[in-house]
Each structure stands twice: as structure tokens, then as C-alpha cells.
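# Understanding the architecture of this molecule
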Amino acid sequence: MNTLSDTWSWLTTAAHWSGPDGVWNRLGEHLFLTAVCLLISCLIALPVALVLGHLGKGGALAVNLSNIGRAVPTFAVLVLLLLTPIGSYGQWSTIIALVLFAVPPLLTNAYVGMREVDRDVVRAARGMGMTGRQLLLGVELPLALPLILTGVRIAAVQLVATATLAALAGGGGLGRIITAGFNLASTPQVVAGAILVAAFALLVESLFEAGQRLAPQRGRRTA
Amino acid sequence: MPPNGGPRRARGPLPGSNGRVTAPPDDCLARNEWICGAYLSSRREILVDAVLEHLQLTAASVAVALLLAVPLALAARRWRWAAGPVLGLTTILYTIPSLAMFSLLLPLYGLSAALVIAGLVLYSLTLLVRNILAGLRAVPEETRQAARGLGYGPLRLLLAVELPLALPAAMAGLRIATVSAVSLVTVGAIVGHGGLGNLIYSGMNTFFKAQVLTASVLCVLIAVAADLLLLGAGRLLTPWTRRQA
């Protein structure tokens, strides 16, 4: 298990953690990319999904978008965007690619969540004289919240993975440690980078899962 | 740098040259256009090889994953205590980004096609185990009891009743796993075994637009074709679901 000890010594070398190529900087880039893109994707996908779900329209699109997103290779989109004129504007090609892959799970889950709200509850709310807006924000949204949050969690994990791949197409983030390791033919660095990426992805997943466990109870209380 | 089969010629428009004087053949390759018929005809062999490698990697990984997933799902169904660890472990594996997964396997497999297959098996496993288990769990208890009442032993019950009834859910999982695998093979370019991903990777380094677009489109076409093929196979295997609908 030579690789293990070499990897351990890579991880415990202070020089690998500081500087522009260091772990802390790459982690910051990764976190920044993930957070910014998650915010942008939510701002794009959630309003659309909530309105479509409220109106009950565009279901085929919302559901099929996830399937389409799965068939299109992330790596291909990253490279295609890099070669377009957008690619010369720094991180924009990466950000656009990340958002493209985070939108489908958000849209699909939020739409399905809105449609799965008990129709009797919706009818009762209408019978009480609620306007469409009140119905959407006061009834459907809180009841759809668990599935919406599932979508946010899937999107966040997807963003971490896509941001890692972005390193292959010249982007920043923790994936850069891995690609640099490949270029240096340094297996310990490749493995160390992979461990960091995997730990980060699992951390994000468990944080969102914990958040999800807390949130539905609040939703239930207000509903 | 991983070795790749793509052309190494710099295809970008040269800085300073206006294209007319220095580029004698004024075709789409020289102009580095996205869509280029000349690329298709002149690189036919490279493209065919890449597609074949892509198909082999996908088929091998999905097949191995299926062979592993069925016993795992059966174990998780049979023994209640096994369900938690099996599902938990596969979910953790699924959360690890593809690039990291391939990298973690590097010390075990080196720069080989086996590394890509092993990585893809781990991803497909999650989708398959979850779906097969869901299918097995959805078999109605009455059906099972009826089969037992007819004198079916445990093995015959499994092969003739439970597995066929779990087939629609399993096929749904197989379709998702296959489509995902087709798309993830491209990441194998990092170790030089990425099928069409190799062409995308080398096309990126040389700014070869026609190559990147052609390889990407072929990738999506393979995914769609595989999906439709499995959809058709699923219909043939489960005629009873069609009659119901």
C-alpha cells in the first residue's frame, strides 16, 4: 500500500495546501462555482417550475428535461462551450455549463412536487376563496417543499461533480488538483485530489440531506 | 497527457493570416467550421474506432453491473439487514463525481480501459440495485402466496414469478444506467480510454471544432439509440404490460 502512504504524505504536506494551486484556493473556487451556479439555477428553474406546476402546463417538457440532460455528456458541453466565443470570457463557459446541468433536476422535481399536491387540498383552498397567488405561495409551495428540496440537493451534488469535470476543460476548482496530477504523472496527487473531491461531494450531500430533514417539519407546521 | 487517437494538427485560424492567402484548400476544415462534411469523410476510420470503443466500454460496464446488481438486490430483498448497507453504499458511490471515481481507481487499474469500466460499473450498480429492489418489493404478496399455493418452490417462485414481475422496473433502471454510462464514458478520456471522449479531449486541445461537435453529437445519438433499443427489448420481454395498457 505504497500509494496510500504517498497520498497521505501529499495531503499532509503544508505546501500543497497554500498558494494559487493549493487545496484551500481550489476548494474556495469549487465552493464559489457551486454556490453561484446553484443560486442562478434556482432563480431560473424554480419560478418556471412553480408557475408551470401551478397552471398544470408544460409537464412533458419539465419531466423529459431530466432525461435529455442525462443523455448529453457533461464533458462534451463543457468543451463545446469552451470553443464558442463565450469560452474567451473566463469562467462564463463553465458557469453556463454548470447551470445547464443543474436546471433539469430542479425543474423536474419542483414540477412533480407541485403536481403531486393533493388535489382535494387545492380544491378546498379554492373553495375558501384563495386567489391563484395565495394558493401557490400559501398551499402548494409549502406542500411541494420536500420534493423541491430533493431537487435542490440533487442539483447541488450534480454541480459539485460538473465543477470537478470543468477542470478538464481548463476551469478551476478541486478537479484541477486531479488533472494537474495526471499531467505530472503523480498518482499520489491524483488520488489525493480524488479523495478531496469525494469528501467534498459527500459533505455537500449530507448537509443538504440534513437540511431537508429539518425543512419539511417547518412546512408541515405552517401548512 | 493521455494518448489519444485524434489528429494533432492545429486547426485554428492562424493569427495574422486572413485565411485566403495561406490556406490553399478553402474547405470547412481549413476554416475550422463546426459542421464539416469533409471531416466526416476524411476521419471516417477514427470516428468508427471511437464509436466502437465507446460501445464496448458501455456494454461491458453495464453487463458487469447487471451481473453484480441482481444478486445484491436479491440479498437486500431476502435479508432485511442487508438492505440498509447495500443501498447506503451504492448511494455513497453514486455521489462521488466521475472524475474523482476514475482517479480513485488509478492505483488499482493504472491507465487502462479496465479503470473506466470499473468506474462505470460502480455508477450503474446504484441505479440497477435500486430499481431491481423496487421491482422485487412491488411484487404483490398475494401473487407470491398464490404461487406458493400452486406448489412453487423458492427458486421457481423467484425465477418464474418474482423476477418477471420485477422486470419493468429493472428495465427502467437499465435504461437510465445505460444512458448515463454512454455519457460518462467520455470522462474516460482522462486516462486515454474515453471512446468519443478522446476525440472531444484532443479536439479541445487543438481547437478542432468539427471534431468536438461531431463526437458530441455521436455520443448523444448512441445514448438515444441505446435507450430506444432497451425500450423495445423491454416491450418484447414483458408483453403483459402492453396488453394492460
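Residues numbered from 1 in each chain as written. Chains lettered and ligands numbered in written order. Predicted model: local features only at pLDDT ≥ 70, side-chain atom pairs only at ≥ 80, totals over all residues. Heavy atoms only, no water.

Labelled according to an unreviewed UniProt entry, chain A appears under the name ABC transporter permease, originating from Streptomyces durocortorensis. According to the UniProt record, the Sequence similarities (unreviewed entry) comment for chain A reads "Belongs to the binding-protein-dependent transport system permease family." (UniProt positions renumbered as here; feature names shortened; annotations may be inferred.)

Now for the UniProt feature "transmembrane region" (unreviewed entry) in chain A. All names here are of chain A. Here, the residues flagged by UniProt with the feature "transmembrane region" (unreviewed entry) are residues 31–55, 67–86, 92–114, 135–156 and 190–208. Between the C-alpha atoms that bound residues 31–55 the distance is 35 Å, and the span itself is 100% helix and 0% strand. With 100% helix and 0% strand, residues 92–114 has its two end C-alpha atoms placed 32 Å apart. (Helix = DSSP H or I, 4+ residues; strand = E, 2+ residues; numbered from the N terminus.)

Bringing helix H4 (residues 74–83) of chain A into the picture now. Counting buried positions over the ten residues of H4(A) gives ten, a clear majority of the element. Every buried residue belonging to H4(A) is among Thr74(A), Phe75(A), Ala76(A), Val77(A), Leu78(A), Val79(A), Leu80(A), Leu81(A), Leu82(A) and Leu83(A), and all of these are buried. Where H4(A) is buried, its residues touch helix H5 (92–115) and helix H7 (132–166) of chain A together with helix H7 (154–185), helix H8 (196–205) and helix H9 (209–237) of chain B. (Buried < 20%, exposed > 50% of the residue type's maximum accessible area, 1.4 Å probe, protein only. Contact = heavy atoms within 4.5 Å.)

Under the counting rule described, the total for this entry stands at one disulfide over all chains. Note that Cys28(B) is cross-linked by a disulfide to Cys36(B), the S-S spacing being 2.1 Å. In this structure, the disulfide formed by Cys28(B) and Cys36(B) twists by about 65 degrees around the S-S bond and is classed as right-handed. Like Cys28(B), the residue Cys36(B) is buried in the burial classification. Just so you know, Cys42(A) is unpaired, no disulfide at all, and the nearest cysteine sulfur is the one on Cys37(A), 11 Å from it. (Disulfide = S-S within 2.5 Å.)

This part is about the pattern of salt bridges. In this structure the tally under the stated criterion is nine salt bridges over all chains. Close ionic contact of Glu33(B) with Arg31(B) constitutes a salt bridge, the shortest N to O distance being 2.3 Å. Judged by relative accessible area, which is 30%, Glu33(B) ranks as partly exposed. Arg31(B) gets classed as partly exposed once you look at its relative accessible area, which sits at 41%. A salt bridge links Glu141(B) to Arg144(B); the nearest nitrogen and oxygen atoms lie 2.9 Å apart. Here Glu141(B) and its partner Arg144(B) are both found in helix H6 (residues 141–149), three residues apart, which amounts to about one turn of the helix. Judged by its relative accessible area of 5%, Arg144(B) is buried. Salt bridges sharing partners connect three or more residues here, namely Asp21(A), Arg26(A) and Glu29(A). (Salt bridge = Lys/Arg side-chain N within 4 Å of Asp/Glu carboxyl O.)

A word on the packing of aromatic side chains. The tally for this structure, following the rule as stated, stands at five aromatic pairs over all chains. Plain terms: the ring middles of Phe75(A) and Tyr201(B) are 6.1 Å apart, the flat faces sit at 35 degrees to each other, and that makes the pair tilted. Here the residue Phe75(A) occupies a position in helix H4, and Tyr201(B) occupies one in helix H8, the pair thus bridging two chains. Summarising the burial analysis for this pair, Phe75(A) and Tyr201(B) share the class buried. The ring of Tyr152(B) has Arg156(B) sitting right over it, with the charged end atom 4.0 Å from the ring centre. (Phe/Tyr/Trp six-rings, centres within 6.5 Å; stacked < 30°, edge-to-face > 60°. Lys NZ or Arg CZ within 6 Å of the ring centre and 35° of its normal.)

UniProt records the feature "domain: ABC transmembrane type-1" (unreviewed entry) at residues 27–208 of chain A, using the numbering of this structure. Structurally, residues 27–208 of chain A comprises 83% helix and 0% strand, and the distance from its first C-alpha atom to its last is 18 Å.

All right, on to unusual backbone geometry then. Non-glycine residue Ala185(A) carries a positive phi angle of around 55 degrees. As for its placement among the helices and strands, Ala185(A) is situated in the loop between helix H8 (175–183) and helix H9 (187–222). Classification of Ala185(A) by relative accessible area gives exposed; the value is 68%. The phi torsion at Phe207(B) lies on the positive side, around 55 degrees, for a residue other than glycine. Mapping Phe207(B) onto the fold places it in the loop between H8 and H9. By relative accessible area, which is 40% here, Phe207(B) ends up partly exposed.

The parts lose accessible area when they come together, and the size of an interface is often stated as this lost area. Facing 38 residues of chain B, the contacting portion of chain A comprises 35 residues. Here chain B and chain A share an interface that buries about 3000 Å² over both sides, 83% of which is from carbon and sulfur atoms. Seen at the junction of chain B and chain A, the total is zero salt bridges. Broken down by secondary-structure element, the contributors of at least two residues to the side of chain B that touches chain A are helix H3 (80–95), helix H4 (98–109), H7, H8 and H9 of chain B. A per-class count over the side of chain B that touches chain A returns 27 nonpolar, ten polar and one charged. (Buried area = accessible area lost by both parts, 1.4 Å probe. Nonpolar A, V, L, I, M, F, W, Y, C, P; charged D, E, K, R; others polar.)

Turning our attention to the environment of Leu52(B). Here Leu52(B) lies in helix H2 (residues 44–78). Considering only alpha carbons, one finds Leu52(B) and Thr95(B), 43 residues apart in sequence, at a separation of 29 Å.

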